[in-house]
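Commentary on secondary and tertiary structure
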Amino acid sequence: MNDRKSVDIIQDALFSTSVFKEGGERTLHQSYIPEILKFREDNIRRITQNFRPLFLTRNRGVEGFSTNIALTGPAGVGKTVTARYTIEHLHTMAERHHIKLYTDYKNCWTTRTKTSILRSFLRDRFGVASRGFSDEESTDILIRRLNSEQAYLGLILDEVSVLPQKDIRGFIHLPEEFGAEHRISLIMISRPTEWKVTLSSMVSQRIADVIQFQPYKLEETRKILDYRAQLAFKATALSEDLLEMVAEISDQTKNLRHGIEIFYRAGRAADQLKLNEITPEIIRRAKNDVFPEMRADILEELKTHELFTALSIARRLHHKGITATTIEHSFKNYRIICEEWGVQPNGEAAFRNYLSTLENIGILGKVTKGVKGRKGVRARLTIHDVPAAVLIERIEVFLSKRFQKT
Ligand SMILES: Nc1ncnc2c1ncn2[C@@H]1O[C@H](COP(=O)(O)OP(=O)(O)OP(=O)(O)O)[C@@H](O)[C@H]1O
Ligand SMILES: [Mg+2]
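Residues numbered from 1 in each chain as written. Chains lettered and ligands numbered in written order. Predicted model: local features only at pLDDT ≥ 70, side-chain atom pairs only at ≥ 80, totals over all residues. Heavy atoms only, no water.

As a further point, take the overall build of the protein. Of the regular secondary structure elements, the protein holds 18 helices and eight strands. Across the 406 residues of the protein, 47% fall into the buried class. Looking at the protein alone, contacts between residues at least 24 apart form 75% of all its contacts between residues at least 6 apart. Taken as a whole, the protein presents about 21500 Å² of accessible surface, with 49% of it coming from carbon and sulfur. (Helix = DSSP H or I, 4+ residues; strand = E, 2+ residues; numbered from the N terminus. Buried < 20%, exposed > 50% of the residue type's maximum accessible area, 1.4 Å probe, protein only. Contact = heavy atoms within 4.5 Å. Areas by Shrake-Rupley, 256 points an atom, 1.4 Å probe, with all protein chains shown as cover.)

This next bit is on the site of ligand 1. The immediate surroundings of ligand 1 are formed by 20 residues, with Lys 38, Gly 76, Lys 79, Thr 80 and Tyr 216 found nearest. Here an oxygen atom of ligand 1 and a backbone polar atom of Val 77 are 3.1 Å apart. Here Gly 78 contributes a backbone N or O atom positioned 3.1 Å from an oxygen atom of ligand 1. Relative to its free-state accessible area of 640 Å², ligand 1 is covered by the protein chains to the extent of 98%. Under a 2 Å grid-point criterion requiring more than half of the atoms, the pocket assigned to ligand 1 is the second largest pocket. When contributions to the shell around ligand 1 are tallied by element, the ones reaching two or more residues are helix H5 (79–96), helix H10 (218–232) and helix H12 (256–272). Taken together, the residues of the shell around ligand 1 sort by class into ten nonpolar, four polar and six charged. Inspection of the shell around ligand 1 shows a minimum of three residues originating in each of domain 1 (41–212) and domain 2 (216–290). (Near = heavy atom within 4 Å. Polar contact = N/O pair within 3.5 Å; in protein donor to acceptor, adjacent residues only side chain to side chain. 1 Å grid on protein atoms, 1.4 Å probe; cavity = no way out; pocket = protein on both sides within 12 Å on 5 of 7 lines; lining within 4 Å. Sits in = over half its atoms within 2 Å of the grid points. Nonpolar A, V, L, I, M, F, W, Y, C, P; charged D, E, K, R; others polar. Domains from an automatic or database assignment.)

With that out of the way, let us pick up the packing of aromatic side chains. The final tally for this structure, using the stated rule, is 13 aromatic pairs. Here Tyr 102 and Phe 121 contribute two aromatic rings whose centre-to-centre distance is 6.2 Å and whose plane-to-plane angle is 85 degrees, an arrangement assigned as edge-to-face. Here Tyr 102, found in strand S2 (residues 101–107), pairs with Phe 121, found in helix H6 (residues 114–126); they are 19 residues apart in sequence, far enough to count as distant. Per residue, the accessibility class of Tyr 102 equals that of Phe 121, and both read buried. Taken together, Phe 331, Tyr 334, Phe 351 and Tyr 354 form an aromatic cluster joined through their ring pairs. Here Arg 84 stacks its cationic end above the ring of Tyr 105, 3.9 Å away from the centre of that ring. (Phe/Tyr/Trp six-rings, centres within 6.5 Å; stacked < 30°, edge-to-face > 60°. Lys NZ or Arg CZ within 6 Å of the ring centre and 35° of its normal.)

What follows concerns the pattern of salt bridges. Per the stated rule, a full pass over the model turns up 20 salt bridges. Taking the shortest distance from any N to any O, the salt bridge between Arg 125 and Asp 104 comes out at 3.8 Å. Linking Arg 125 in helix H6 with Asp 104 in strand S2, this pair joins segments that are 21 residues apart in sequence. Taking the relative accessible area as the measure of exposure, Arg 125 reaches 37% and is therefore partly exposed. Looking at Asp 104, the relative accessible area reads 10%, which means it is buried. Each of Glu 219, Arg 222, Lys 223 and Glu 244 takes part in a single network of salt bridges with overlapping partners. (Salt bridge = Lys/Arg side-chain N within 4 Å of Asp/Glu carboxyl O.)

Below, the discussion takes up the nonpolar core. With 32 residues, the main nonpolar core has Leu 142, Leu 146 and Phe 171 as its most contacted residues. When contributions to this core are tallied by element, the ones reaching two or more residues are H6, helix H7 (135–149), strand S3 (152–158), helix H8 (165–172), strand S4 (184–190) and helix H9 (192–203). Sorting elements by how many residues they give to this core places H6 first, with five residues. Apart from residues lying up to four places away in sequence, Leu 142 is in contact with Leu 118, Phe 121, Leu 122, Phe 126, Leu 153 and Ile 184. Grouped together as the second largest cluster of nonpolar side chains are 27 residues, Leu 28, Ile 224, Ala 232 and Ala 247 included. (Core = buried A, V, L, I, M, F, W, Y, C linked by side-chain atoms within 4.5 Å.)

Two elements in contact, helix H11 (residues 240–253) and H12, have axes separated by 7 Å at closest approach and are oriented at 145 degrees. Where H11 crosses over H12, the two elements pack in a sense that is right-handed. Two secondary-structure elements touch here, H11 through Leu 243, Val 246, Ile 249, Ser 250 and Thr 253 and H12 through Leu 256, His 258, Gly 259, Ile 262 and Phe 263. Here the residues of the contact of H11 with H12 sort into six nonpolar, four polar and no charged. (Axes fitted to C-alpha atoms, helices over the stretch in contact; angles between N-to-C directions. Left-handed = near helix turned anticlockwise from the far one by under 90°.)

Shown next, in the form of structure tokens:
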């Protein structure tokens, strides 16, 4: 009896009705590349144009082909998916023109050094076990291999600012090690703050093209999410109203990933509850789960002045186009906020302590590199993945409750 029951559970979990189409859940994974990328035509075209010389045999001639380009823009605006989409199609196109073009995608958060990136490429593509080989040896194998096959490599380095600076330089100078005939091209992806602070001065002379990705407008977000919902869900699973609701949430943060993640979580929640349709309540819950670092209990643990501090940064970053702020600026904001809530502000030393608490908890990201200004190197403060709008909303609601009680 018990046995049958267990089997039933498995049978049920596998085959009971789902709000997802067959294979639909997979289309919401981060690695999925949709067939159509709406509103990114210009970016696709511009990336492609940088690879034109590769397809013109006359120009390729004795010099080979190599280009380095950079994609930059805020979180969740399609940098990664557009780069992967374009390189995949360039690969197909190259095949058609009898050009051997290897392509690879590496997220530098996962593969954190030049050596490990080269090694894993050699292993996956050429079956070369280069474990224990030095950087020079790996590079040498790669060069000889590409030369002997008359092949090219187009490599996407995502979140490139995570690599040690010497490795970034190493990659940038890689084409030169080929001697006369260049064979390696790079697409480097980075958020604007990291780009400005750590990368642009270092590599900009060697970048052929810097392509900026702008956030999607509400109307665009709605259309993209509509398309993604159609790929993922059965026709009756998501109503127009809920699509609108998710589009608005995603638009608030200007981050399309939030919309896609809400779909994913909402779909799974509906399946668990055995519902044929996603409900507003499920969407609301999914919205909260998408920012786990902002669980309400984290706010509860924070002291009032720490909340003021977080708010001072969030407000500044909520302004359009501002991706990072400074301690001086935030401190001014903090004093204003204290005044708003009728609380005596503390001094700058205390304020700096609040900042490090917030940093330790992970609410605050700090780009420690700093910018050289008149006052020497200053730390730049960012809130990485929690959108400023969400942070502000939650802290203010929370503060109101706290102040009501006392
Ligand atoms: N034009 C589009 N059409 C369909 N899906 C899109 C489009 N743009 C982005 N997406 C989807 O939105 C999500 C976020 O996009 P992506 O991961 O490329 O953002 P990103 O700019 O690389 O963000 P981050 O800086 O955080 O890495 C992905 O699931 C991606 O598939
Ligand atoms: Mg990305």
